[in-house]
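Tertiary structure, described
Listed here are the chains, written in short residue letters.
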Amino acid sequence: MAALQTDPRASNTLILESATRASPRRPPARIRCSAAPSPPRSYRITLLPGDGIGREVVSVAKDVLSLAGSFEGIEFRFREVPIGGSALDSVGVPLPEETLTAAKESDAVLLGAIGGYKWDANEKHLKPETGLLQLRAGLGVFANLRPATVLSQLVDSSTLKKEVAEGVDIMVVRELTGGIYFGNPRGFGYNERGEDIGFNTEIYSVPEIDRIARVAFEVARKRRGKLCSVDKANVLEASMLWRKRVTALASEFPDIEISHMYVDNAAMQLIRNPKQFDTIVTNNIFGDILSDEASMLTGSIGMLPSASIAESGPGLFEPIHGSAPDIAGQDKANPLATVLSAAMLLRYGLGEEQAAKRIEAAVANTLNKGFRTGDIFSDGTTLVGCKRMGEEVLKSVDTQTSAVPLR
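Thresholds, definitions, all that
Throughout, residues of each chain are indexed from 1 in the direction in which the sequence is written. Local features are withheld for residues below a pLDDT of 70 in this predicted model, meaning they are given only at 70 or higher, and side-chain atom pairs are given and counted only at 80 or more; totals for whole chains, interfaces and linings count all residues. To obtain the side-chain values, all non-hydrogen atoms of the structure were included, while hydrogens and water were left out. In this analysis, rings of Phe, Tyr and Trp, with Trp reduced to its six-membered ring, are considered paired at centre separations within 6.5 Å, and the interplanar angle assigns stacked below 30 degrees, edge-to-face beyond 60, and tilted for intermediate values. Elements are defined by DSSP. Helices are runs of H or I of four residues or more, strands are runs of E of two residues or more, and each kind is numbered from the N terminus. Between buried and exposed lies partly exposed: a residue is buried under 20% and exposed over 50% of the maximum accessible area for its type, with that area taken using a 1.4 Å probe on protein chains only. Note on terminology: a nonpolar core comprises buried Ala, Val, Leu, Ile, Met, Phe, Trp, Tyr and Cys residues joined through side-chain atoms within 4.5 Å. Between any two strands, pairing holds if DSSP finds at least two bridges. Working convention: axes come from line fits to C-alpha atoms, limited for helices to the stretch in contact. Angles between N-to-C directions cover 0 to 180 degrees. Salt bridges are counted wherever a side-chain nitrogen of Lys or Arg sits within 4 Å of a carboxyl oxygen of Asp or Glu. By definition, residues are in contact when any of their heavy atoms lie within 4.5 Å. Note on scores: pLDDT gives the predictor's confidence for each residue, bounded by 0 and 100. Using only the protein atoms, space was sampled on a 1 Å grid; points where a 1.4 Å probe fits but cannot get out form cavities, open sets with protein on both sides within 12 Å along at least five of seven lines form pockets, and lining residues are those with an atom within 4 Å of a point. Grid points are joined across faces, edges and corners, and a volume is the space filled by probe spheres set on the points. Residue polarity follows a fixed list, in which Ala, Val, Leu, Ile, Met, Phe, Trp, Tyr, Cys and Pro are nonpolar, Asp, Glu, Lys and Arg are charged, and the others, Gly among them, are polar.

In this section: the packing of aromatic side chains. What characterises a pair of aromatic rings is the spacing of the ring centres plus the angle enclosed by the ring planes. Taken as a whole and assessed by the stated rule, the structure comprises 4 aromatic pairs. Judged by centre distance (5.5 Å) and plane angle (70°), the rings of Tyr204 and Trp242 are edge-to-face. With a gap of 38 residues between them, Tyr204 in the loop between strand 7 (196-199) and helix 6 (206-221) and Trp242 in helix 7 (residues 237-249) connect regions that are remote in the sequence. Here Tyr204 falls in the buried class, since its relative accessible area comes to 7%.

Have a look at this one:
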């Protein structure tokens with residue numbers, strides 16, 4: 001998890017040095033013909049456009065990755081393979097073996113979106129979402145990082161009052177491969193009265209809790225040094241063990257301010273006073289819910305990226321929005337969440353901090369210029385489609401002329 005050693009705060013404040021600023025005391029650069037240029041760093045990236053708007057937004061992110069990489073001495077080798085509904089249509093399963101193999105053999109995986117009305121009636125093993133769960137399990141990505149930052153350019157898009165939303169900067173660290181979504185026993189049966197029942201098991205082992213907690217402590221260490229562990233330890237035995245282990249591990253991180261909160265209170269506090277949170281760590285199902293709630297503080301899920309990382313091997317990077325089949329192919333999608341997921345890919349997946357900052361700065365510059373897709377449009381801004389938004393981001397990647405704060 002070497003990529004975790006980078007500073008997550010870099011994604012919250014984007015500081016861009018002028019590429020054209022001249023120094024009166026510095027002589028012109030000399031050309032040294034004898035010095036050979038450094039060979040570019042090369043990475044293999046698996047692209048999973050998926051369904052709906054996935055292909056549109058991944059196309060934009062791919063172009064931005066390529067251009068940003070070229071300025072930082074990085075080259076990418078892309079391989080595109082199907083997942084989700086598109087895989088069901090082409091080969092009959094939501095995660096083809098070829099796709100999983102390609103993902104495992106790459107340095108990082110960039111996913112668009114999966115699912116759609118077309119496959120809603122499918123049996124569970126033939127649903128697009130099953131392919132995503134299988135991919136996460138196959139890659140062993142157990143830690144999901146979901147930032148929820150209210151951008152100064154978009155603070156008025158939040159449904160909360162400006163004084164509540166302004167300055168919110170939260171990172172939710174969600175355990176991704178355990179808990180009730182994967183626990184056994186599970187299934188259907190009958191109770192003692194002969195009535196149909198469905199049942200699932202919330203279960204966590206000490207190693208599962210310890211490894212996600214350590215990731216969260218490290219993330220908090222590189223942010224503002226505050227970690228809130230969310231559980232339901234007043235009711236659930238799995239949460240009791242969760243709290244016990246997080247409390248024990250806190251002694252290894254004396255510089256981190258640790259607190260605990262029940263999930264129902266955390267859900268309320270995210271709306272009441274979100275700025276009290278810095279880093280949140282929680283289990284799979286609570287993280288699923290709370291990270292979606294936190295995302296809406298920002299005003300649009302079309303702006304929010306995510307990273308899913310493993311103990312070793314490639315990470316999975318994806319926007320948190322769905323496939324939006326109702327606008328697919330209409331050039332209405334917001335590609336910025338996928339572009340920012342590409343920045344997280346650079347930072348957490350490849351350790352390429354400067355390239356990540358370059359992309360984030362380009363997004364901030366584009367927003368400062370007033371360009372907006374429909375989901376973040378407001379009076380006084382310029383409404384553009386997915387392709388145009390991508391073009392404007394590319395222009396900002398190329399020019400890099402001003403210091404742009406993300407918040």
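On to the nonpolar core, then. Formed by 67 residues in total, the largest nonpolar core has its most connected members in Leu145 and Phe217. Counting 18 residues, the second-largest nonpolar core is a separate cluster that includes Val168, Val230, Ala266 and Leu290.

Turning next to the sheet that holds strand 8 (residues 226-231). The strand order across the open sheet built from 10 strands is 2-1-3-12-11-4-5-10-8-9, with neighbouring strands paired in mixed fashion. Two strands in the sheet have a free side with no partner beyond their single neighbour: strand 2 (74-80) and strand 9 (257-262). Shown here is a sheet whose adjacent strand axes are inclined to one another by a mean of 25°, direction ignored.

This part covers the pattern of salt bridges. What the rule picks out here adds up to 27 salt bridges. Between Arg211 and Glu311 there is a salt bridge whose closest N-O contact spans 3.2 Å. Of this pair, Arg211 sits in helix 6 while Glu311 sits in the loop between strand 11 (305-310) and strand 12 (315-319), and the two are 100 residues apart along the sequence. Put simply, Asp264 and Lys232 hold a salt bridge, and the shortest N to O gap is 3.1 Å. Pair noted here: Asp264 is in helix 8 (residues 263-272) and Lys232 is in the loop between strand 8 and helix 7, with a separation of 32 residues, a long-range link. The exposure class of Asp264 is partly exposed, given its relative accessible area of 46%. Judged by relative accessible area, Lys232 falls into the buried class, the value being 18%.

In this section: the side chain of Ser158. Structurally, Ser158 can be placed in the loop between strand 4 (141-149) and helix 5 (162-165). With residues up to four places along the chain from it excluded, the contact list for Ser158 reads Ala165, Met296, Leu297, Thr298 and Gly299.

This paragraph deals with the confidence of the model for the chain. Taken residue by residue, the chain gives an average pLDDT of 89. The fraction at 70 or more is 89%. A low-confidence stretch, residues 401-405 (pLDDT under 50), is modelled with 16 contacts involving residues beyond four sequence positions or located in other chains.

This paragraph deals with empty space enclosed by the protein. Summary: where empty space remains is shown by rolling a probe the size of a single water molecule over the atoms. Under the counting rule described, the total for this entry stands at 2 cavities of 30 Å³ or more. Of the volumes computed, that of the second largest cavity is approximately 30 Å³. Every residue lining the second largest cavity is listed: Glu202, Tyr204, Val230, Asp231, Ala238, Ser239, Trp242, Asn283 and Phe286. Of all the elements in the fold, those that place two or more residues in the lining of the second largest cavity are strand 8 and helix 7. Among the elements that line the lining of the second largest cavity, the one with the most residues is helix 7, at 3 residues. Considered class by class, the residues forming the lining of the second largest cavity number 5 nonpolar, 2 polar and 2 charged.

As a further point, take the pairing of strand 4. With 9 of its 9 residues buried, strand 4 lies for the most part within the structure. Judged from the 7 bridges that link them, strand 4 and strand 5 (residues 169-175) form a sheet pairing that is antiparallel. When the sheet's bridge partners are listed, Thr149 is paired in strand 5 with Asp169.

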